[in-house]
Amino acid sequence: MGSTYKPSDERQLAELVTWAAAEGRPLELTGAGTKRALGCAVIGETDRVDLSGVAGVAFYEPEELVMSVRPGTPLDEVERLLAERGQMLAFEPPDWGWILSGQSAPGTIGGTVSVGGAGPRRYRAGAARDFVLGAHGVSGRGELFKSGGRVVKNVTGYDLHKLMTGAYGTLGVFTEITMKVLPTPEKTYTLLIFGLSAERAVAALGDAARSPFEPSGLAHLPRAEAARSQVSYVHGAGAAVTAVRVEGPEVSVKHRMGELRALLAGYGQMEELHSSNSLRLWHEIRDAWLLPSEVEAVWRVSVPPSAGPALVEAAAPDSWMMDWAGGLLWLGYDVASAEQGARLRAAVGQAGHAMLVRAPRALKAQTPVFQPQDDALARLSARLRQGFDPAGILNPGRMGDPAGAKAA
Amino acid sequence: MNAPTPEPQAADLETLAARFREVLPAECVVTDAVARRPFETDAQTMHRQMPGIVVLPQDTAQVAQVLKLCKEFGVPVVPRGAGTGLSGGATPVPGGVLLALTKFTRILDIDYANRCVVAQPGVTNLGITRAVEDDGFYYAPDPSSQIACTIGGNVAQNSGGVHCLKYGLTVNNVLGVELVTMDGEILRIGGKQLDPAGYDLLSIVTGSEGLLGVITEVTVRILPRPETVRALLISFDSIEAGGACVADIIGSGIIPAGLEMMDRFTIDAVEEYCAPGYPEDAAAILICELDGPAAEVDHLIGEVSTIAERNGATGVRASTSEEERLKFWMGRKAAFPAAAKIKPDYYVLDGTIPRNKLAPVLQRIGELSAASGLTIANVFHVGDGNLHPLILYDANVPGEMEAAEKLGHDILRLCVEVGGVLTGEHGVGTEKRALMPEMFSDVDMQQQQRLKCAFDPDQHLNPGKVFPTLHRCAELGAMHVHKGEVAFPDLPRF
Ligand SMILES: Cc1cc2nc3c(=O)[nH]c(=O)nc-3n(C[C@H](O)[C@H](O)[C@H](O)COP(=O)(O)OP(=O)(O)OC[C@H]3O[C@@H](n4cnc5c(N)ncnc54)[C@H](O)[C@@H]3O)c2cc1C
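Residues numbered from 1 in each chain as written. Chains lettered and ligands numbered in written order. Predicted model: local features only at pLDDT ≥ 70, side-chain atom pairs only at ≥ 80, totals over all residues. Heavy atoms only, no water.

1. Here we look at the overall build of chain A
- When helices and strands are counted, chain A shows 16 helices and 18 strands.
- The C-alpha radius of gyration of chain A comes to 21 Å, within 12% of the 22 Å expected for a compact globule of 408 residues.
- With the principal axes as the frame, chain A shows a C-alpha extent of 65 × 50 × 35 Å.
- The burial tally for chain A puts 64% of its 408 residues in the buried class.
- For chain A, the proportion of contacts with a sequence separation of at least 24, taken over those separated by at least 6, is 72%.
- Put simply, chain A has 41 plus and 44 minus side-chain charges, and the middle of one group is 2 Å from the middle of the other. (Helix = DSSP H or I, 4+ residues; strand = E, 2+ residues; numbered from the N terminus. Rg over C-alpha atoms; globule rule 2.2 N^0.38 Å. Buried < 20%, exposed > 50% of the residue type's maximum accessible area, 1.4 Å probe, protein only. Contact = heavy atoms within 4.5 Å. Lys, Arg positive; Asp, Glu negative; His and termini not counted. Charge placed at Lys NZ, Arg CZ, Asp CG, Glu CD.)

Here's what the structure looks like:
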């Protein structure tokens, strides 16, 4: 077990990384450590860098829709500050704690951005990368650098900050992240349709997505998953539940709900959720909270929406749910096996990718956690990483450094 | 350290052209001087350069072969879409090859089930919308050049448009690309799914200005047409009041589809040009467009009108018909040609500033303009702080073009000084390359160049663009410290 270092500012962090690079000592970067089980474990003996001390808001200008924070700032603190001004992180970062450890663990903003996820609003508003406007960071060379800026319209130089978003700390260490924030919608309503098959659900969600009524959440829960909801209409449905979320000013939300009800009337029986019930349901979907907690393996699969139902069929999971109009699948298996992963990836083919989110350690060690990339892309990714971190000391192996992908 | 690509000898180019003809039909290899002439510049016409050879490949395999040959010959290559770029990104490199995607004009797949379109890079921006509009869809980013500019060029530049305030830039609307690297390798990045499998390479290929690879296919998401679109035409007796109104609209949680401002000079110019009927006494006008469900748009029209009045608007008109809305826009859309009527040449700038710096920045721009003796027309995407000052000049008057360039650079420096950036949508290219150090340190730029090295280590692809200094990749890759040379930092261990 190596040492843990806790830098309190970017200068200390840069010195530490410079030293570690010269010594060839790998570092594991952590914020609150809540997402260590997500992605791959770092390889080998590492020292740990605890970034929770590099924290705080650098600036927040609500009327400019921009907030800049240091990585160790807790996510719930960021969201609380935004809520005070009626704003939000529109990419709806999931609370990964539920799926990884069975309890809420939102962690830090640095971790959130580094794993690059997004919630149900992804479909409409975008992912973390779409909201990161700029960043300061320390490269694996120990150099402090910045990219981007604080304005939305910016094409000056390469967007290194977007590349670092979702890179699991393998390219550089964020020391400040500047994000676009958005006003929280005044109202959130949800239209529920009961009893649809996966295929019919994707058809209904597609109709909603193709309509001008601007849905911002398009999900489907099979009967067993719906029954786990804490929202009574969903819990007590006794059937699969397909959910369409509408957000905005009240007049608009009411109008669009009416239109969507008319549009989707032929699909099945309907119900509406308002305000807190609606919020609750979308948190449950965002955090994959509706999968049973005892499943051994959980996969997160990103595919073209229309491919969702066939994939569920081919993958034969024990439990599952669908978001992003069918484009995001959460698949759970009661008993994990390497064979499941192989079958799943064969079914996905080139049309998307599957990530192993949760699994017993032994399985994670033998199954690629991230979808293996084709050779040319894997080599390019390795060269990119080398450009940022030539000594390979930042979170080595965290993204599964594709076997044999030597930078060439 | 400068390491410019050595200029190839004419003899080499002849051999190279012959080799191109082995893999491309003869008419796709252009060596004739007259036929090469149209490619000597993009829409940034201040600097021109004849390309050595122009190639017009017809498919991805041919692009790969062209790039491999260029690499073999050590000849630089510049990709080109429609040549509407405003930063010199597609300006040829002396003695180099210009690779135009002119023949890539097919839409490959319209997929309503997944709300996306797969297109070849030479399809125009508007061409995508045209292909899906009868079914009620459109492609959101809408550069003013959309009739002509290509989707490949849009991806290379990460182009924006009037509606990016609500719908994002190109980067927020691209799902996938096929990219050919300088090695002739064909990479497929992204697809019809939303999330990347590994590193988010799409986010750097978008905006790469032709330096990382040649884009040979693009998948973009398309959106259903909004139910309603209405616009407000709001006038103010000072720019400050207009700026305050913008801050107030956004601060109150409204994100209009578009929010555009024009100053008095521009209003006069467009009135002269096409008589859109703008208020005669306004110091500035604001066009605020709202789109979405009818109920929401009507509601927001009311809210914005109230905000405008609260901020001292001298006039507020809401469009009640599509005809009226288009009339509001007519003047805005005519701003560039109207400027061209006043002086033979104009230089369009493209800096972005934080919205709340608008008033002081415009004041400074006024002072800089007065000091230089050159007139500036100000039009801007005010909603996202993206300014397009148009500097009017006459290239036939000795020294005026240089003065315009200098004034432009001073204004862009000012943008950076107040917390903004050098370019909001037009790119760095050759035009702003020398200004990059205003925004980035050497370390910042070297880190960006290492990205270039990962794709194109010999720097054959569009060299001399974006970065003020070329570094050899070997030099950029080196690590200068070794074991035992760095003292352990003064840090607590646990
Ligand atoms: C009147 C006018 C109005 C404009 N309005 C706007 C506006 O509102 N918003 C905006 O953002 N821009 C605007 N522009 C700028 C310009 O239209 C955009 O930058 C556009 O995206 C360029 O597309 P193009 O096909 O003309 O590319 P080109 O000018 O041919 O090339 C632009 C850059 O992209 C590279 N490139 C082109 N195609 C490829 C490819 N397939 N693979 C790799 N690299 C490639 C080139 O090397 C070059 O660096 C305007 C220009 C004009 C003349």
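2. Let's talk about the sheet that holds strand 8 (residues 144-148) of chain A
Residue and element names in this part refer to chain A.
- Spatially, 4-5-9-7-8 is the arrangement adopted by the five strands of the open sheet, whose pairing is antiparallel. In this open sheet, the two strands that pair with only one neighbour each are strand 4 (57-61) and strand 8. Averaged over all adjacent pairs, the angle separating strand axes in this sheet is 15°, with direction ignored.
- Across four bridges, the pairing between strand 4 and strand 5 (residues 66-69) is antiparallel. The residue bridging Tyr60 from the neighbouring strand is Met67, located in strand 5.
- Most of the contacts of helix 1 (residues 10-23) go to strand 7 (residues 132-139), to which it runs at about 50°, and overall it touches strand 7, strand 8 and strand 9 (172-180). (Pairing = 2+ DSSP bridges. Axes fitted to C-alpha atoms, helices over the stretch in contact; angles between N-to-C directions.)

3. Side note on the domain arrangement of chain B
All names here are of chain B.
- Taken domain by domain, chain B holds domain 1 (10-100), domain 2 (107-224), domain 3 (228-336), domain 4 (343-431) and domain 5 (437-486).
- With five residues of domain 2 in contact, the opposing surface of domain 3 contributes nine residues.
- When domain 2 packs against domain 3, the two sides together hide about 700 Å² of surface, and 56% of this comes from carbon and sulfur.
- By the criterion of area lost to domain 3, the three top residues of domain 2 are Val162, Leu165 and Lys166, representing 72% of everything that side buries.
- The interface formed by domain 2 and domain 3 includes one salt bridge.
- Lys166 is paired through a salt bridge with Asp291; the nearest N and O atoms lie 2.6 Å apart.
- Linking domain 2 to domain 3 there are three residue pairs in polar contact (both at pLDDT 80 or more). (Domains from an automatic or database assignment. Buried area = accessible area lost by both parts, 1.4 Å probe. Salt bridge = Lys/Arg side-chain N within 4 Å of Asp/Glu carboxyl O. Polar contact = N/O pair within 3.5 Å; in protein donor to acceptor, adjacent residues only side chain to side chain.)

4. What to know about the state of the cysteines
All names here are of chain B.
- Summed over all chains, the structure comprises one disulfide over all chains.
- Disulfide pairing places Cys453 opposite Cys473 at an S-S distance of 2.0 Å. Note on the Cys453 and Cys473 pair: the S-S dihedral is about -85°, so by sign convention the disulfide is left-handed. Here Cys473 lies in helix 17 (residues 473-477) and Cys453 lies in helix 16 (residues 442-455), a separation of 20 residues in the sequence. The residues Cys453 and Cys473 share a single accessibility class, namely buried.
- For Cys164, which is in no disulfide, the shortest distance to another cysteine sulfur is to Cys149 and amounts to 12 Å.
- With no disulfide of its own, Cys245 has Cys288 as its nearest cysteine by sulfur position, at a separation of 7.9 Å.
- On the basis of relative accessible area, Cys245 is assigned to the buried category, the value being 0%. (Disulfide = S-S within 2.5 Å.)

5. Quick notes on the domain arrangement of chain A
Residues and elements named next belong to chain A.
- Under the domain assignment used here, chain A contains domain 1 (55-183), domain 2 (187-286) and domain 3 (297-366).
- Across the boundary between the two partners, domain 1 contributes 10 residues, which contact eight residues of domain 3.
- Here domain 1 packs against domain 3, burying approximately 740 Å² in sum over the two surfaces, 69% of which is carbon and sulfur.
- When the buried surface of domain 1 facing domain 3 is broken down by residue, Trp96, Ile99 and Tyr123 rank first, second and third, together holding 51% of it.
- The interface formed by domain 1 and domain 3 includes zero salt bridges.
- Between the two partners, domain 1 and domain 3, sit two residue pairs in polar contact (both at pLDDT 80 or more).
- Contributions of two or more residues to the side of domain 1 that touches domain 3 are made by helix 3 (97-101) and helix 5 (122-125).
- Considering each element in turn, the side of domain 1 that touches domain 3 owes the most residues, three residues, to helix 3.
- Residue composition of the side of domain 1 that touches domain 3, grouped by class: eight nonpolar, one polar and one charged. (Nonpolar A, V, L, I, M, F, W, Y, C, P; charged D, E, K, R; others polar.)

6. Some words on the environment of B:Ala308
Residues and elements named next belong to chain B.
- On the secondary structure map, Ala308 appears in helix 10 (residues 294-310).
- Of the residues examined, Ala308 reaches a relative accessible area of 0% and is grouped as buried.
- Along the sequence, Ala308 and Tyr393 sit 85 residues apart, while their C-alpha atoms lie 35 Å from each other.
- In this structure, Ala308 is in contact with Ile234, Phe236, Cys245, Ala313 and Val316, ignoring residues within four places of it in sequence.

7. Looking at the packing of helix 13 (residues 308-315) of chain A against helix 14 (residues 338-348) of chain A
Residues and elements named next belong to chain A.
- Two elements in contact, helix 13 and helix 14, have axes separated by 9 Å at closest approach and are oriented at 150°. Classified by the angle between their axes, helix 13 and helix 14 sit roughly antiparallel to one another. At the point where helix 13 passes helix 14, the crossing takes the right-handed sense. Only Arg343, Leu344, Ala347 and Val348 of helix 14 make contact with helix 13, whose side of the interface consists of Leu311, Ala314 and Ala315. (Parallel < 35°, antiparallel > 145°, perpendicular 65-115°, else oblique. Left-handed = near helix turned anticlockwise from the far one by under 90°.)

8. Some thoughts on the packing of helix 16 (residues 375-388) of chain A against helix 16 of chain B
- Axis separation between helix 16 of chain A and helix 16 of chain B bottoms out at 9 Å; the angle between their running directions is 155°. In terms of their interaxial angle, helix 16 of chain A and helix 16 of chain B are classed as roughly antiparallel. Once helix 16 of chain A is placed against helix 16 of chain B, the crossing between them reads as right-handed. Taking contact as the criterion, the partners of A:Leu380, A:Arg383, A:Leu384, A:Gly387 and A:Phe388 in helix 16 of chain A are, on helix 16 of chain B, B:Gln447, B:Arg450, B:Leu451, B:Ala454 and B:Phe455.
- A per-class count over the contact of helix 16 of chain A with helix 16 of chain B returns six nonpolar, two polar and two charged.

9. A few points about the site of the ligand
Residue and element names in this part refer to chain B.
- Lining the immediate environment of the ligand, one finds 33 residues, of which Pro79, Thr84, Gly85, Ser145 and Thr150 sit closest.
- In the model, an oxygen atom of the ligand is placed 3.1 Å from a nitrogen or oxygen of the Gly89 main chain.
- Ser144 is positioned with one of its backbone polar atoms (N or O) 2.9 Å from an oxygen atom of the ligand.
- Expressed as a share of its isolated accessible area of 970 Å², the protein-covered part of the ligand is 94%.
- When residues of the shell around the ligand are traced back to their parent elements, those giving at least two are strand 3 (77-80), helix 5 (151-157) and strand 10 (214-221). (Near = heavy atom within 4 Å. Areas by Shrake-Rupley, 256 points an atom, 1.4 Å probe, with all protein chains shown as cover.)

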